[in-house]
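The chain contents come next:
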Amino acid sequence: MYCKCPRPFYRCFFEILLKFVDDVICISSKQKHIFDSNNIEITDVIYNIMPFQKEKKKKKLRGKVVTFIGRITYGKGADIFVAAVKKLLKKRKGLTFELIGEGFLKNTLKRSLSKIENSSIHFVGQLSYTETLNRIQKSIGIIVPSRWEEPFGRVALESLACGVPVIVTNRGGLPEIVTESVYGYVVEPQVGPVVAAVEKLLKNQITLKKAISCAQKKLKKKFYREPISQYKNLYMSYVAKD
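A few words now on the overall build of the chain. Check the secondary structure of the chain and you find 9 helices and 8 strands. The globule rule puts the C-alpha radius of gyration for 242 residues at 18 Å, and the 20 Å found for the chain is close to it. Taken along its principal axes, the extent of the C-alpha atoms in the chain is 65 × 45 × 30 Å. For the chain, with 242 residues in total, the buried portion stands at 46%. Considering only contacts within the chain whose residues lie at least 6 apart along the sequence, 65% involve residues at least 24 apart. Taking the 43 positively charged and 21 negatively charged side chains of the chain as two groups, their mean positions are separated by 10 Å.

Taking strand neighbours across the sheet as the criterion, the 6 strands line up as β5-β4-β3-β6-β7-β8 in an open arrangement whose pairing is parallel. Strand pairing shows two members of the sheet lacking a second neighbour, β5 (121-125) and β8 (184-187), which therefore form its edges. Ignoring strand direction, the axes of neighbouring strands in this sheet form an average angle of 20°. Bridge analysis of strand β3 (residues 64-69) against strand β6 (residues 141-144) gives 3 bridges, and the strand direction is parallel. Bridge pairing in β6 links threonine 67 to isoleucine 142. Contacts between helix α3 (residues 78-91) and the sheet are confined to β3, β4 (95-100), β5 and β6, with β4 contributing the most and set at about 170° to the helix. Sheet contacts for helix α6 (residues 129-137): β3, β4, β5 and β6; angle to β4, the most-contacted strand, approximately 160°.

Another aspect to go through is the packing of aromatic side chains. Per the counting criterion, the structure on display carries 7 aromatic pairs. Between tyrosine 47 and phenylalanine 152, the ring centres sit 6.1 Å apart and the planes meet at 45°, which makes this aromatic pair tilted. Of this pair, tyrosine 47 sits in the loop between β2 (43-45) and β3 while phenylalanine 152 sits in the loop between β6 and α7 (154-161), and the two are 105 residues apart along the sequence. Owing to a relative accessible area of 15%, tyrosine 47 belongs among the buried residues under this scheme. A relative accessible area of 2% places phenylalanine 152 in the buried class. A ring pair is formed by phenylalanine 81 and phenylalanine 97, whose centres lie 6.2 Å apart and whose planes are at 75°; its orientation type is edge-to-face. Highlighted residues: phenylalanine 81 in helix α3 and phenylalanine 97 in strand β4, separated in sequence by 16 residues.

Another aspect to go through is the pattern of salt bridges. Per the counting criterion, the structure on display carries 10 salt bridges. Linking arginine 92 and glutamate 199 is a salt bridge whose minimum nitrogen-to-oxygen distance equals 2.6 Å. In this pair, arginine 92 sits in the loop between α3 and β4 while glutamate 199 sits in helix α8 (residues 191-214), placing the two residues 107 residues apart along the sequence. A salt bridge links lysine 106 to glutamate 102; its shortest N-O distance comes to 3.2 Å. Overall, the relative accessible area of 13% leaves lysine 106 in the buried class. Residue classification places glutamate 102 among the partly exposed positions, given a relative accessible area of 37%. Ionic contacts of the salt-bridge type, sharing partners, join the residues Lys91, Arg92 and Glu199 into one network.

Moving on, we get to the environment of glutamine 190. Mapped onto the fold, glutamine 190 is located in the loop between β8 and α8. Residue glutamine 190 is classed as partly exposed on the basis of its relative accessible area, which comes to 45%. Taking the C-alpha atoms as reference points, glutamine 190 and isoleucine 80, 110 residues apart in sequence, are found 6.5 Å from one another.

Conventions adopted
- Residues numbered from 1 in each chain as written.
- Predicted model: local features only at pLDDT ≥ 70, side-chain atom pairs only at ≥ 80, totals over all residues.
- Heavy atoms only, no water.
- Helix = DSSP H or I, 4+ residues; strand = E, 2+ residues; numbered from the N terminus.
- Rg over C-alpha atoms; globule rule 2.2 N^0.38 Å.
- Buried < 20%, exposed > 50% of the residue type's maximum accessible area, 1.4 Å probe, protein only.
- Contact = heavy atoms within 4.5 Å.
- Lys, Arg positive; Asp, Glu negative; His and termini not counted.
- Charge placed at Lys NZ, Arg CZ, Asp CG, Glu CD.
- Pairing = 2+ DSSP bridges.
- Axes fitted to C-alpha atoms, helices over the stretch in contact; angles between N-to-C directions.
- Phe/Tyr/Trp six-rings, centres within 6.5 Å; stacked < 30°, edge-to-face > 60°.
- Salt bridge = Lys/Arg side-chain N within 4 Å of Asp/Glu carboxyl O.

Set out below in structure tokens:
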């Protein structure tokens, strides 16, 4: 559960539930901070686990494609992505943008596109996990323009696992995954900063990709080996109590 439970019923239910809980596992430090600020102090941080392949076959890029993955909603910043794309298309040629996912904003955003914009911005709908990873690997960058406080930010980590630079907002656990100017860029959830970050990504994509490639072992340790070890130790501690 990831919220301040503003509604009295849900907050009351959560407080009752906590009486029967020994530990609350948070999937980011940001999530832990929210629990702590609500006087819930029996928390630990264990990041979500992401399997990293030993070797990745290099995928041929599909031209200069920048991709959004997630629900087509305000919370996920789909409208920020489209607005940023419109500005970028006025300044740069040869770019293609994709939105993978579904959501209530989809038709509204599609109707807002001009004929020229419509030829460069593609709503591809919901895809299988395998096909989504395939498209990530063939993209030059992934944008996660979330407005809401992401508990973790799995799309960002999946992109790094595929060796692809990421632009994320400074919301929730996203900055804990993407190191600024190393794996990508961390920005405010606004159109201007996203546009500027894409410009920097296009300029520095080779440097970013090399940094991500060199950091694969470090990322695997942080988001695979260490979480497994933490969960194992947690379970063993409860077995020992019994």
